[in-house]
There are 2 protein chains.
Amino acid sequence: VDYQHVQVPFEITLWIMLASLAKIGFHLYNKLPSVVPESCLLIFVGLIMGGIIYGFNDRSPPVMDSDIFFLYLLPPIVLDAGYFMPSRPFFENMGTILLYAVVGTVWNVFGIGFSLYGICQVKAFQLQDVSLLHNLLFGSLIAAVDPVAVLAVFEEIHVNEKLHILVFGESLLNDAVTVVLYKLFRSFCEMPAINSLDVLAGVGQFFVVGLGGVLVGLTFGLTAAFTTRFTKDIRVIEPLFVFLYSYLSYLTAEMFHLSGIVAIIACAMGMKRYVEANISLKSHTTVKYFMKMWSSVSDTLIFIFLGVSTIGENHEWNWPYICFTVIFCLVWRASGVLVLTFFVNRFHVNSITGKDQFIIAYGGLRGAICFSLVFLLPDFHRKKLFIAATTVVILFTVFIQGMTIRPLVDLLAVKRKRESAPTVGEQIHIRFLDHLLAGIEDISGHWGQYYWKDKLEYFNSKYLQKMLLREYDQPKSSIVLLYEKLERKHAIELAEAGQLGHAPHHPALLNNRAVITDKRLEDTLNPDVLDNMQEILARNLYRTRRTGPAYNRHTLPGESEPVEHAKEILILRHRGL
Amino acid sequence: VDYQHVQVPFEITLWIMLASLAKIGFHLYNKLPSVVPESCLLIFVGLIMGGIIYGFNDRSPPVMDSDIFFLYLLPPIVLDAGYFMPSRPFFENMGTILLYAVVGTVWNVFGIGFSLYGICQVKAFQLQDVSLLHNLLFGSLIAAVDPVAVLAVFEEIHVNEKLHILVFGESLLNDAVTVVLYKLFRSFCEMPAINSLDVLAGVGQFFVVGLGGVLVGLTFGLTAAFTTRFTKDIRVIEPLFVFLYSYLSYLTAEMFHLSGIVAIIACAMGMKRYVEANISLKSHTTVKYFMKMWSSVSDTLIFIFLGVSTIGENHEWNWPYICFTVIFCLVWRASGVLVLTFFVNRFHVNSITGKDQFIIAYGGLRGAICFSLVFLLPDFHRKKLFIAATTVVILFTVFIQGMTIRPLVDLLAVKRKRESAPTVGEQIHIRFLDHLLAGIEDISGHWGQYYWKDKLEYFNSKYLQKMLLREYDQPKSSIVLLYEKLERKHAIELAEAGQLGHAPHHPALLNNRAVITDKRLEDTLNPDVLDNMQEILARNLYRTRRTGPAYNRHTLPGESEPVEHAKEILILRHRGL
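Residues numbered from 1 in each chain as written. Chains lettered and ligands numbered in written order. Predicted model: local features only at pLDDT ≥ 70, side-chain atom pairs only at ≥ 80, totals over all residues. Heavy atoms only, no water.

S.K.: How would you sum up the overall build of chain A? Please name residues and give values.
M.R.: Of the regular secondary structure elements, chain A holds 24 helices and zero strands. Counting the 577 residues in chain A, one finds 48% classified as buried. For chain A, contacts bridging at least 24 residues in sequence account for 82% of all contacts bridging at least 6. Counting every atom, chain A has about 28300 Å² of accessible surface; 66% of that belongs to carbon and sulfur. (Helix = DSSP H or I, 4+ residues; strand = E, 2+ residues; numbered from the N terminus. Buried < 20%, exposed > 50% of the residue type's maximum accessible area, 1.4 Å probe, protein only. Contact = heavy atoms within 4.5 Å. Areas by Shrake-Rupley, 256 points an atom, 1.4 Å probe, with all protein chains shown as cover.)

S.K.: Please give an account of the environment of S171 of chain B that cites residues and values.
M.R.: Residue and element names in this part refer to chain B. Looking at where S171 falls in the secondary structure, it is placed in helix α9 (residues 161-190). On the basis of relative accessible area, S171 is assigned to the buried category, the value being 1%. Excluding residues that lie within four positions of it along the chain, S171 makes contacts with V145, D146, P147 and V150. Only 2.6 Å separates the side chain of S171 from the backbone oxygen of F168, close enough to count as a polar contact. (Polar contact = N/O pair within 3.5 Å; in protein donor to acceptor, adjacent residues only side chain to side chain.)

S.K.: Now, about the pattern of salt bridges: what can you tell me, with residues and values included?
M.R.: Residues and elements named next belong to chain A. Using the criterion set out here, one finds 26 salt bridges over all chains in the structure. In this structure, E316 and R382 form a salt bridge, with 2.6 Å as the shortest nitrogen-oxygen distance. Here R382 lies in the loop between α16 (368-375) and α17 (383-412) and E316 lies in the loop between α13 (281-310) and α14 (319-347), a separation of 66 residues in the sequence. Note on R382: relative accessible area 9%, which makes it buried. (Salt bridge = Lys/Arg side-chain N within 4 Å of Asp/Glu carboxyl O.)

S.K.: Got a sec to walk through helix α10 (residues 196-227) of chain B? Specific residues and values, please.
M.R.: Over its 32 residues, α10 of chain B runs 46 Å from end to end, which matches the ideal 46 Å to within 8%, given 1.5 Å per residue. Of all bends in α10 of chain B, the biggest is about 30 degrees, found at G204 of chain B. (Expected span 1.5 Å × (residues − 1). Bend = angle between axes of the 7 residues up to and from the residue.)

S.K.: Help me get a handle on a positive patch on the surface, residues and values and all.
M.R.: On the surface, K282 of chain A together with K288, K485 and K489 of chain B cluster together into a patch of positive charge. Mapped onto the secondary structure, K489 of chain B falls in helix α20 (residues 478-496). By relative accessible area, K489 of chain B is classed as exposed at 52%. (Patch = residues over 30% accessible without salt bridge, like charges linked within 9 Å, V, L, I, M, F, W, Y side chains within 5 Å. Lys, Arg positive; Asp, Glu negative; His and termini not counted. Charge placed at Lys NZ, Arg CZ, Asp CG, Glu CD.)

S.K.: With reference to specific residues and values, describe the packing of helix α6 (residues 94-120) of chain A against helix α9 (residues 161-190) of chain A.
M.R.: Residues and elements named next belong to chain A. Their axes nearest at 8 Å, the elements α6 and α9 cross at an angle of 45 degrees. Between α6 and α9, the crossing angle belongs to the class labelled oblique. Both α6 and α9 take part in a crossing whose hand is right-handed. Seen from α6, the contacting residues are T96, I97, L98, Y100, A101, V102, T105, V106, V109 and F110; seen from α9, they are I165, L166, G169, E170, L173, N174, V177, T178, L181 and F185. Within the contact of α6 with α9, the residues separate by chemical class into 14 nonpolar, five polar and one charged. (Axes fitted to C-alpha atoms, helices over the stretch in contact; angles between N-to-C directions. Parallel < 35°, antiparallel > 145°, perpendicular 65-115°, else oblique. Left-handed = near helix turned anticlockwise from the far one by under 90°. Nonpolar A, V, L, I, M, F, W, Y, C, P; charged D, E, K, R; others polar.)

S.K.: Lay out the domain arrangement of chain A with the relevant residues and their values.
M.R.: All names here are of chain A. When cut into domains, chain A gives domain 1 (64-412) and domain 2 (423-460). The centre of domain 1, based on its C-alpha atoms, is set 32 Å off from the matching centre of domain 2. Between domain 1 and domain 2, the contact holds four residues from the first and six residues from the second. Here domain 1 meets domain 2 over a buried area of about 410 Å², counting both sides, of which 21% is carbon and sulfur. The three residues of domain 1 that bury the most area against domain 2 are R88, E92 and R273, which together make up 82% of that side's buried surface. A salt bridge links E457 to R273, with the nearest nitrogen and oxygen atoms 3.4 Å apart. (Domains from an automatic or database assignment. Buried area = accessible area lost by both parts, 1.4 Å probe.)

S.K.: An account of the packing of aromatic side chains is needed here, citing residue identities and associated values.
M.R.: All names here are of chain A. A full pass over the atoms with the stated rule returns 53 aromatic pairs over all chains. Considering the side-chain rings of F138 and F386, the 4.6 Å spacing of their centres and the 25 degrees angle between planes classify their relative orientation as stacked. Highlighted residues: F138 in helix α7 (residues 132-142) and F386 in helix α17, separated in sequence by 248 residues. With centroids separated by 5.3 Å and ring planes inclined at 85 degrees, the aromatic side chains of F290 and W294 adopt a geometry described as edge-to-face. Of the two residues, F290 and W294 are both situated in helix α13; the distance of four residues between them amounts to about one turn of the helix. (Phe/Tyr/Trp six-rings, centres within 6.5 Å; stacked < 30°, edge-to-face > 60°.)

S.K.: Could you give me a rundown of unusual backbone geometry, with the residues and numbers involved?
M.R.: Residues and elements named next belong to chain A. Of note, H158 is a non-glycine position whose phi angle comes to about 50 degrees, a positive value. Secondary-structure assignment places H158 in the loop between α8 (147-157) and α9. Overall, H158 belongs to the partly exposed group, its relative accessible area being 36%. With a phi close to 60 degrees, H257 is a non-glycine residue in the positive phi region.

S.K.: Lay out helix α14 (residues 319-347) of chain B in plain terms, naming residues and giving numbers.
M.R.: The end-to-end C-alpha distance of α14 of chain B is 43 Å, a good match for the 42 Å that 29 residues give at a rise of 1.5 Å each. Those residues of α14 of chain B that are buried lie in contact with α6 (94-120), α7 (132-142), α9, α15 (354-362) and α17 (383-412) of chain B.

S.K.: So what's going on with the side chain of D356 of chain B? Which residues, and what values?
M.R.: All names here are of chain B. Mapped onto the fold, D356 is located in helix α15. One buried charged side chain, D356, makes no salt bridge at all; its nearest oppositely charged neighbour is K162, positioned 6.3 Å away. When near neighbours in sequence (up to four residues on either side) are disregarded, D356 contacts N160, L163 and V414.

S.K.: Talk me through the side chain of Q357 of chain B; I want residue IDs and the actual numbers.
M.R.: Here Q357 of chain B lies in helix α15. Q357 of chain B sits in the buried class, given a relative accessible area of 13%.

In structure tokens, the structure reads:
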């Protein structure tokens, strides 16, 4: 047996296999996942695994490597989140999300950091050696809401779209803030003295890290879209580019110390519409399916490893510090949400209700990102205390909050996600209102959300689409696309019911009355006349243009269409003569 | 910039990106890939890349790591090959393939080894220090036809199915022989003395390595099929199991020094039919697509790396040895094919023609497997000579033979692959003949191919399917499946032509004569009578069973069917009363 040789891929495959089998296991008992979130079950499996390893080896089981987490496990989840991000609610609530993500996170970091420093001054707790900077550093890693944990819980409880995007969007975008604060405090810890210039530079970094990430992401996203223009002859490697470019955007951002999460989200959102139009339907199924699969596996692995890493001897159980950490996390998040929402509600018509605020505050779950960050801390004598506190906070939020949030949502009767897709009528009205508001903003000179959206759409159809799409012509309106999809589905259903061959006879059986009246009308006509009529019709019939051009404020309808119609009629006439 | 941190994934991603972009590049010029095989183009790109690296760094560019090749690049290609292997021609020509793969490879190894040893005795060439064992070791690695190279060339020239499976099957199955001989000679090289027991053990290893590989593969394949029984609730990770189990089968086989290639092929062929039946259609699209994508990328990377690794200073250019290697490779392969085919043709009705023999001999391309094996050789003073000879042989076969094989196939008018799929009539006849021959073999007591196939089919439907399929009922006959597929396709076409909504009217336009005579018949009936008739019909109508049970020699048709029919009629009657 030569185990050494295959060890690395073999163990990776086995871990993934274990994770997948665990998932299958949960779903065999339908009751279980409806009560306990999958993330809790997975952590539990991890704890058992860790216990077994610990019991057999008599030493701490291997801890999840932070590099593996940040380089291999996190990107698929964020890519999936970005690619399937509902862009409309995201951009509509962009301001609120940014406020929560930036100001809210800073509020939490400093709140938790300073309060914990206060606790450290109590002599009875024996914590006087933990400096303010170390507390702030700890605050910066414990304050950030974790996208993986939030996604795992919120995907199962189906709250309304706005609430979901507020919590989830915040958890994604606070990455930039966390990265900056964490690195700032870590370098401050190692510096002998801090002057005000350093602090100023830190504030400037916010923008560099966040906007830099967006820039890197968009660059790679648009390059990806451009690349898929040329894959017509080798459909088989099309899906690859979606993954390669988004991964590159993440790695590039990380390389320049920008926010990788922001970059990959910008990349995914930027490329989505162009890539979808360029690649084949099967490629797109593969992309979607594989993204979901990958993120699901990463997610599973992260929670299992969280469980495994919890077991071991790298904890220092100073209970006052740990308990106060949990309490401060809850208190500062709740107060932050209350204060920020107060300001948000003053400027918005659709205010965020008290129930929503409660769920936003309560949904602030911590997860694997804190966990990885705390292990990345430079060695100092209280690192084990921080690890213990982080572990407890994560377990508390994932288990207690994660398991009770569903009953609470039920109890408070929080508005749920609507089950049905918007009707065609609603879609038309939403679109109409968008254009109307863009027009109003244009006239009134108010550069609001609709104004910018409209300008972006114009830029997109005028330049970007021409450059990035393979077959650039008037895009089909989404309503026409929906109609085609429904028709195709209907056809398949008919075929599967075996009624396609009999279609002409079938309706006669159901509403034969109508057909018979129809027939009576036909009876009054001489069969020969009817015959003749139908022949003329068949000869002059041309297929109606199914796809009208999409409505667009910036193009006039029917520019070249009538000419072609007329030409076709002419050709058919000629043939008939 | 923190490049160190992201280096590994970044460089891997960049290499894959380079490979994919190179592929796109070739296909932009349609002319190029139709003349030069893609493998040649990719090696050429690799040579240029290697040259650039060499020029800038002034040292040999990195050589493809044998571990990376065997653990990460080879499995996807072999999995793809095994999963899409046309099983009928493969099993029909199993005997011939095995003869070529086992006896043919041994013939080549010893032929090349001994002749090269002869060359080494010529004093003028200054090669007397290369022992017989070293020559045999070199023969064992240079003799094996490479599946990757064969696949890359033969996929483009579309020779007939039998010829394709003979060359390709041989290239896959000779892995077991190569592994055994290579390891045998390598250990002999390090042994002080060789006794006859060692040689005998070597012969025994053939069977262990080959059959062990099949066993490992089948075990994992059937486990995979069994696992997919339970994935109904989490469709999203279904495709994963196909990849995980086949990869595990490969790694396990490698771990026990069995043939990994044989294992992964057995795994893929074993699981295919059950997995396909268990997983959803979209999962299956993802599996197929991703397998193709992955193997295509691996393939591309291998050829590029082959090119890159060629450049450098690890060669010893002893031209007589190198030239004679190329000549002996050609001569021994040709003679081997001639001799073996002579025996094969004596026992088969469908003989292998002279043209086919020529293509089989000429299609013996060498590729990355030899290349990786030669680098894995233990260090000895002539290793660089072997590397040089292997490089030249690979480049010669891929470039000269690979580029001329298509014109030769045209010139010789070798029977091509039929373009169209077999008609339903042909399928029925093939099936009928199979059953007939199985019956004849059964009666005559001849345990031939058909007898075993029939027994296997019986075992499959009696035990395996019940255990491995989720919804086990009488499988649909392939003709019924085909019909359903065609109906669905037809329905989609109708929907896309916009004629579905008008379906009831549409046929009236085309063959209105028939409808009108129909109407005349109806005219003679009183509308009320017609109405009544249709109502009675609609009440008593039950949907005909669309899926008759598949024909099977071992079950009698219509065992439970009529009872259910009668029951349904009864229920409908009751409801009507």
